[in-house]
Structures are given as C-alpha cells and as structure tokens.
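Architecture at a glance
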Amino acid sequence: MKAPEYLLEAIDIVKVFGTLRANDGVTLRVAPGEIHAFLGENGAGKSTLVKMIYGSLHPTSGTIKWMGKEVVIPNPNAARKLGIGMVFQHFSLFEALSVAENISLAMPGKFDLAALSKKVAQVSKEYGLPLNPSATVADLSVGERQRIEIVRCLLQEPKLLILDEPTAVLTPQEADQLFVTLKRLASEGCSVLYISHRLEEVKRLCHSATILRHGKVVASCDPAKETAASLAKLMVGGDVHTVRAAKVPKDGVVRFSLKDASLEAEGPFSVELKNINLDVRGGEVIAIAGVAGNGQSELFDAISGERPLPRGDAVSIDGASCGAIGVIARRRMGAAFVPEERLGHGAVPAFALSENVVLTRHSDDDSLAVKGLLDRGKASAIAERVIKTYDVRKGKPDPEARSLSGGNLQKFVVGRELDRNPKVLVVNQPTWGVDAGAAATIRQALIDLARSGSAVVVISQDLDEIFELADRIAVISRGQLSEAHPAHEMTAEKIGLLMAGAHEKLEASHAARS
Amino acid sequence: MQLVLEKRSDRSKFFAIASPFLALLLTLIAGGLIFAARGINPLEGLYVYFVEPLTQVWSVEQLIVKATPLVLIGVGLAVCYMANVWNIGAEGQLTMGAIVGSIAPVMFPAWQDPSILVVMLIMGFVGGALYGAIPALLKTRFNANEILTSLMLVYVAGLFLDWLVRGPWRDPKGFNFPVTTTFEGWQLLPTFGGTIHLGALFALLACAALAFLMAKTLKGFEIKVTGNAPRAGRFAGFSREKMVMFCFLLSGGLAGLAGISEVASVVTKLQPQISPGYGFAAIIVAFLGRLNPIGVLFAGLLLALSYIGGEAAQVTLGISDKIAKVFQGILLFFILACDTLILYRIKFEPTIKPVLVKG
C-alpha cells in the first residue's frame, strides 16, 4: 500500500454555533513528520478546528481524513486511539497527586504504578523532558507540569501531537528545550500541530503554516520564508500598528513606590513576598517579568490593596503611604488596577458592561453612587465612551461581559481604568491571550498614559511585550523582585537568568544589611 | 438522536421569566398523575387543591395570612441567596424572634397601650437578627459552613421555646398546658377587618424596600457582585465578611419579625409549635420568586395556596395533608431543573457512530 501523502486532512470543515460560523470551509493538511503551525488571532477559529480533530466537537459539515481514509471522530478517546495526542493550554492535573499518579489516570488498561513510573522515567529521559515520577505536582513549575502533559501524550505513541500555545507559560530556556524535543519527535515521524501567537518561534520551529482569519483560511505558507511582520499582517489582515514611544522624560518624580514590602503566603500554593522594593517615576513604564506562579498575583494583590500589607509605609502613591488601606482608598488616591483574570476578577461575567463599569468606578467617581444610589445612566455613558475609544467589538448594545471575546473584554477592562486617567496604573498580563491587533491597541494606550506623566507598572510573562513596552525591567522570582534595569541594557538571556533566580541571594543579603 | 445542552452566550431573558411558570405546569402534571394513582380524577383533584380555595372570601383571607410570613422570610432569604450566603435556618430565627418579641407581654401582661406592640415588633426583629448573627460570626471567624450551623440552630431554638413554655413562662392559670398567657388588646397586631393583620403590610413594605435596594443602590450592586463573582467583589473593594453579616442580620431580622407577627396574631401566645415550617417553605419561595423581591410576593401566595390546598384535599378528597409537602418538594425540583434553560438550550443532535480505521 502506498503511504498517503498526508497524515491528517481536514477538508472544507464548517462548524456553526447558532448564527456564528466559527469555521467556514477550513482546509488543513498535515504531512507526516512535519511541524505545522496553525496561526490566527483569538476567535479566528483555531481551537474550534482543533477540538473537532480531537473529537470534543463535531463538524457541521466537511470531512476529516486520517492517513488517507475518511474518519469520524466521536470523542477524544477515539482520537487517542487513532494516534492523536493533545496538550491543552490549561493543564488538567491534580496538584495533590504525584506525576505518575496523574499520568496513570489517563492511561487505559491495568493500574500498575511501578511499571508506569519506570516507563515515564524512560520516555522523559529519551526525549529530554526531565521528570521525577514520584514528585508531587503542586511542587512543580509550570514548565514541568507541561512536560507531564507531553509525556502523558507520548506514552500513547501518537502520530500527531497537538500543542495549544505551549510556550505561553515557559521561560526562554524552557521554550528552547521544548523546541529540541519537538524537532526530535518530528524527525522520528511524529507530526506536530503547533498553535501559537508567537511568530518568531513559529519561524524558528515550523516547516509549514496555515493561517486562519475569521473562520477562513487566508494563507498557507512556509514560515521560514516569511518575516514576523508579514505573518502578522496575514493574521490580522492589515499592517499591525507598531507601538511608537516618545522619549522618557528625564525629570519624572517618583509617583509609586514599594519599600521592603513583604506579605505572608495565603495558603500552601501561594507565594510569600519578600522585601520588595520598586520606585516608578511619572512618565515611565516598568515591566515586571517572571515565569507564572512566582508571586505575580500576590504582588498584584499587595499593590492593589486587595490584601493590605501589615506596614502602611510599604506602599506609597505620590509620596502618601497607603500600604495598610484597601483597594477603594487606593483608587481614590488616583491609582488604577487591571488584574490578570478578566472573567470573575476584573469583570463579573454575568453582568452587562455598564454594570461592570460600576465595579471599579463606584468609589473614585462619586457621581456614580450618590448617597448609595446608583446612577445607571452615567455608568452606561462611561461604558459607551470606553467601547468607542478602545474599539470594543460586541454583538449587542450593552452585552454581558462573558459574551465578549477575550481580546475585546481585555480592551474594555483596560479602557475602563484608562478612562479615569489614573496617576498610577498597574496591569497584570495586559495582553494575555489577546490577538495581535488588540494587543497593539492596549500597549500603545499604556505607553501614551505613561508619557502623559503617569507611572505605569506592567506585570507580564511575554518578553516580546516587555521589550516593546518597558523603559525599565525588573524580574520576579520566588516572591523576590530584582532591581529594575534600563530596558536597553537587558537581553532575553539576562532576563532568563534572573527568572531562574540569579538575583535572589543578592537581594537577601541586601535585605540583611539594611 | 441525542439530547445536548448547549450553553447560551447570554442569559435567556425569556426563560428567566418563563421558567417558574413552566415548573408550575410540570408540577400540576405531576400532581395530576399522583391524584390519578390514588384513583382520584386528576382534574377534580387539582381543582380542589388549587382553584377552590380561591373561590371563597374566607379562604382567600387565609391565603394572605399564610403568605405573610412566607413573603417576609422569603424576601430576606432571596437577598441572602443572591449574595451566595446560605441561610437555611430561618425557621430558628423565626422562633427566636417570637421568643424575644414575647418577653414584654409575658413579663408585663398588664402593659396595654400601643407602645408595647412597637416594643414587641422591634424586639422580635432584633431577636431574629442576633440569632442569625451566630452562624454569620461562626462563618467569618472560623469559616464554619453556614448551611450546617444555621440549620442546627433551628433545633436549638425549637427546644429552647419548648423549655420556656413548659417551664418558666408557662401560664399559671393554663391548666398545665405548655402555653404562655394569651396576648390581648395592644399585644396583638391590628387587623384589616377580617383575619388579615398588619404583618401583611410589613411583608409588602419589605418587598418594596428590598426591590429598591437591589435595583437602585450600591448596596444591592455589592450583594449581586459578591454572590456572582466573589473575586471581583474583593477587587471592587467589597468585604465578604461584612456581606455575610449583613445578609444574616437582614434575613434573620425579617424572619424574627415574621415570628413575632405570627405569635401576635394567628397564634396569640407562645406554645411549642408556632409555625408549620414557614422558615423552610420560604426557601422555596425565594427560589420560585427568582430571588427577586417582587417575584417573592407572588411565590409566597402560591406556596400559601399549597398549604391551604393541602388542608382542602384532606377534607374533601380524604388524602393526607402531607400532600402539601409533596407538592412543595416537586415544585422546588422542577424550578431548579427549569432554571437550567436560562443558561442552556436543549438541542437534538444526530448520534455519531464511531468509524475507526486501523493504520
């Protein structure tokens, strides 16, 4: 029998949700042994197609061919039996269980932990994915957790491995390590379908690319022959607006500062903040880099006042101490905050946008709640202004927050705070999971705010974003913050070293001296 | 074909209103089947149960009298549940409100002017509120589950009342019956002619006030945010601890007011049994009323009908008045089931048969 030219062919796939055509005649072909990039903005329909290939959704029409034969994939189990493995963006691991126990949950057949542990150790060694089978997941870094998911797939000897934005949570060094593994897999004949926003790494890693926009394929190309800019242009359908930054004013005064801010861990999976120092001047953007789970959310809580600190002078805004007071009082002092989670933290999913305006604006803008009475008209007016200024796209006039796409909701949540013209703005992961067009809008707005004299702090895991935005860069690792260095003195390698904790000892001895 | 629940992008406004009516219809059908199983003509059974009580003046009055405590308690619980605070112990707060509110007439039986009524009502409210503060404190201090603590305190209150009326508060001239002295004159709520008493007005006012609170005020917004997305509530600067306390004080106070209103009207004295489970039935009232203060008003009337219909069914059809509890249970079941339709739609999809090829 002649080997079929393609391992997987999804031909003319249509998927309709209600009135939305999430996939509109999408065709994707993956050859054996190739690393195939699947590019597109958020909401372009990438996950929809991938879920159909993995059997968790079913096409409205169109055919899927596997090794040249037409197949119907009713559920993920069937997909795994065919030889399709998938690593999701959000891991499904039990933190209290060990690595081997987690993997055993997904394995068919008899439960034999000892044999499985041996196999896990063997596979992880073979593919350069170091893992200790008896380690408890709660103690592992995000990179290690991702390795568990990958090893779990590899144990089933897949012919196609699907990865959904795998490097979003990794350090540059960890990402490099992952690429080695993927190239090795491909050389052994296993195809990889690689979903990513990061154009540079797609160029480095992938043999071919399919680009999706609004549910339709707009191009198939060889990414090595394209530039990051040309790929982005295909994805967004226009020139991506590059961020323009004016010079940082030299004489900015310190508007926001942290002095030896410490905060105890809240539970077993939370990080303790240790002696954090930071001065942010008016006019500049400071980025705090770091791998997820190193104290970013704790730092955000401490800065915003969701968890007030024991010492009042640990945080100050425009010279006034505010460490011990809550988030409402800090907003009144002119600060604004945007948390990492859009749904359920930055916005109430079931509330209309105008009601979500009240969420953070009820206290600083007294006219929204005069003597405890809400002025809904005023809230709607603010919502409309934010929607217009920041190009928030939506179906209805005042939709529920959860019905917006991630990028549009993020534009709204950031815009809601920018609309106040805050003196200090702190944003955690400003463009996480946001498409290139929306990300550029948000970044430009952050820089513009800084240049108008405000102090801006951006906590981010995205190095491209950090280099695009930041005037100075600090790195957080295990609850300790490095000194902030001017951005032009920093490189990805230097940041990677700091992410791995190069500054920690230094900071500790510094703290001991003072 | 297989049934699939598909998530809607927005809440369905239609089913948010239609769901309780659909639940009611399904309850009637289920009720008809129960009657048929007992050999009773379903239509006749449903007529006796749900329609006949509405055809006579005295039974309509009874309906309003029974709806009064249900609405007073239910509207407070609706606010609690909206904030994701689970007060299940309204029956206990009702009992404690009745006890504390009765201190004045029991201690000073000769006190006869309008001021005693005011004192009784205020003390009833305060008694229920403070009793509700116990599970709230346990929750905020020790993170004890308020569902369990508030429920257990129901039995504590019930036994305390039992001890009072058999012991220190027993009417010396009461032929050894476990009752206090009978309240009279200004110790009783004035009525609107027949049996409907001032408590009905309190219930209406409570609904109006809480409807205003939820729709127009920052406090109402805070309640909804805290219940909907606690993390977002913290981000907005709202305190979860204060909200738990607020909800228990409010719903406990309203339950206490309902308790003293019952004692100072229908019951006219303290005795071991002062409520046929109004505090528990009000949980159904709150959900049937969509956790909406105005909806609670209608839901309270419907639940009151289930009590009166149960009595009518016992008399006319000769079946146990436990049927009322059965109907209440079926109703709550269907409401919760139908509420799924607010966030999901039902779709039929062709069954997919697996086709696998070997490589």
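Residues numbered from 1 in each chain as written. Chains lettered and ligands numbered in written order. Predicted model: local features only at pLDDT ≥ 70, side-chain atom pairs only at ≥ 80, totals over all residues. Heavy atoms only, no water.

1. A short note on the overall build of chain B
For clarity, the threshold we go by: In this text, helices come from DSSP runs of H or I with a minimum length of four residues, and strands from runs of E with a minimum of two, each type numbered from the N-terminal end. Note on method: radius of gyration uses C-alpha positions; expected globular size equals 2.2 Å times residues raised to 0.38. Burial here depends on accessible area, computed with a 1.4 Å probe over protein chains only, as a share of the maximum for the residue type. Under 20% is buried, over 50% is exposed, and the range in between is partly exposed. Note on contacts: a residue pair qualifies if any of its non-hydrogen atoms lie within 4.5 Å across the two residues. Areas reported as accessible are Shrake-Rupley estimates using a 1.4 Å probe. Residue values count occlusion only from the protein chains shown.
In terms of helices and strands, chain B carries 15 helices and two strands. Compactness check: chain B gives a C-alpha radius of gyration of 23 Å against a globular reference of 21 Å for 359 residues, within 12% of the reference. With respect to the three principal axes, the spread of C-alpha positions in chain B is 95 × 60 × 35 Å. In chain B, which comprises 359 residues, the share counted as buried stands at 52%. For chain B, the proportion of contacts with a sequence separation of at least 24, taken over those separated by at least 6, is 78%. Total accessible area computed for chain B in this model is approximately 16400 Å², and 71% of it derives from carbon and sulfur atoms.

2. A word on the domain arrangement of chain A
The test is simple: Per the annotation, domain bounds derive from an automatic or database assignment of domains.
Each assigned domain of chain A is listed with its residue range as follows: domain 1 (8-236) and domain 2 (254-334 + 422-513). Between the C-alpha centres of domain 1 of chain A and domain 2 of chain A the distance comes to 32 Å.

3. Details of the packing of helix H12 (residues 278-288) of chain B against helix H14 (residues 323-338) of chain B
Residues and elements named next belong to chain B. Using the following cut-off: For helices, the fitted line uses only the C-alpha atoms of the stretch in contact; every axis is such a line through C-alpha atoms, and the angle between N-to-C directions lies from 0 to 180 degrees. Crossing handedness: left-handed means the near helix sits turned counterclockwise from the far one by under a right angle, and right-handed means the same turn made clockwise. In this classification, Asp, Glu, Lys and Arg are treated as charged, Ala, Val, Leu, Ile, Met, Phe, Trp, Tyr, Cys and Pro as nonpolar, and every other residue, Gly included, as polar.
The contact between H12 and H14 brings their axes to 10 Å, and the two run at 30°. As H12 runs across H14, the sense of the crossing is left-handed. Each of Ala281, Ile284, Phe287 and Leu288 in H12 lies in contact with H14, whose residues at this interface are Gln328, Leu331, Leu332, Ile335 and Leu336. Residues of the contact of H12 with H14, tallied by class, amount to eight nonpolar, one polar and no charged.

4. Description of helix H1 (residues 46-53) of chain A
All names here are of chain A. Extensive coverage of H1 is indicated by the burial of six of its eight residues. Three or more residues of H1 are buried, namely Lys46, Thr48, Leu49, Val50, Met52 and Ile53. Just beyond H1, the residue with positive phi is Gly55, at close to 85°.

5. Looking at the sheet that holds strand E6 (residues 84-87) of chain A
Residue and element names in this part refer to chain A. Counted only if it meets this: When DSSP finds two or more bridges between two strands, those strands count as paired.
Taken together, the six strands give an open sheet; going across it, the order is E6-E7-E8-E3-E9-E10, and neighbouring strands pair in mixed fashion. In this open sheet, the two edge strands, each paired with only one partner strand, are E6 and strand E10 (216-221). If you compare each strand with its neighbour and ignore which way they point, the axes differ by 20° on average. One ladder, built from five bridges, connects strand E9 (residues 208-213) with E10; its direction is antiparallel. When the sheet's bridge partners are listed, Ile211 is paired in E10 with Ala219. Its contacts with the sheet put H1 on strand E3 (35-40), E6, strand E7 (160-164), strand E8 (191-195) and E9, and the angle it makes with E3 is roughly 140°.

6. Quick notes on the sheet that holds strand E12 (residues 273-281) of chain A
All names here are of chain A. Strand order in the open sheet formed by four strands is E12-E11-E14-E15, with antiparallel pairing between adjacent strands. Each of the sheet's edge strands pairs with one partner strand only, and the pair in question is E12 and strand E15 (320-321). Helix H9 (residues 296-304) contacts strand E11 (254-263), E12 and strand E14 (315-317) of the sheet and is inclined by roughly 120° relative to E11.

7. Points about the nonpolar core
We count it as follows: Only buried residues count toward a nonpolar core. Its members are Ala, Val, Leu, Ile, Met, Phe, Trp, Tyr and Cys residues joined through side-chain atoms within 4.5 Å.
In this structure, Ile73 and Tyr81 of chain B are the most contacted members of the largest nonpolar core, which totals 97 residues. In terms of residue count, helix H11 (residues 240-267) of chain B provides more of this core than any other element does, 13 residues in total. Counting residues in hydrophobic clusters, the runner-up holds 46 residues, among them Ala37, Ala135, Leu185 and Ala219 of chain A.

8. Observations regarding the interface of chain B and chain A
To keep things clear, this is the line we draw: A side-chain nitrogen of Lys or Arg and a carboxyl oxygen of Asp or Glu constitute a salt bridge if their distance falls within 4 Å. Any pair of N or O atoms that falls within 3.5 Å is considered a polar contact. Within protein, one atom must be able to donate a hydrogen and the other to accept it, and sequence-neighbouring residues count only if both atoms are side-chain atoms.
Each partner contributes to the interface: chain B provides 30 residues, whereas chain A provides 43 residues. Between chain B and chain A we count four salt bridges in total. Between the two partners, chain B and chain A, sit 10 residue pairs in polar contact (both at pLDDT 80 or more). Among the elements of the structure, helix H8 (199-216), helix H9 (218-228) and helix H10 (230-236) of chain B are those that each provide at least two residues to the side of chain B that touches chain A.

9. Things to note about the packing of aromatic side chains
This is how the line gets drawn: Here is the rule: rings of Phe, Tyr and Trp (six-membered ring for Trp) pair when centre to centre is within 6.5 Å. Planes less than 30 degrees apart are stacked, more than 60 are edge-to-face, and the remainder are tilted.
Tallying each qualifying case throughout the model produces 17 aromatic pairs over all chains. Taken together, a centroid distance of 6.4 Å and an interplanar angle of 90° make the contact between Phe300 of chain A and Phe337 of chain A edge-to-face. Here Phe300 of chain A is found in helix H9, whereas its partner Phe337 of chain A is found in strand E16 (residues 335-338), with 37 residues between them in sequence. Of the two residues examined, Phe300 of chain A and Phe337 of chain A, each falls in the buried class. When the centroid spacing of 5.8 Å and the interplanar angle of 55° are considered together, the rings of Phe351 of chain A and Phe221 of chain B count as tilted.

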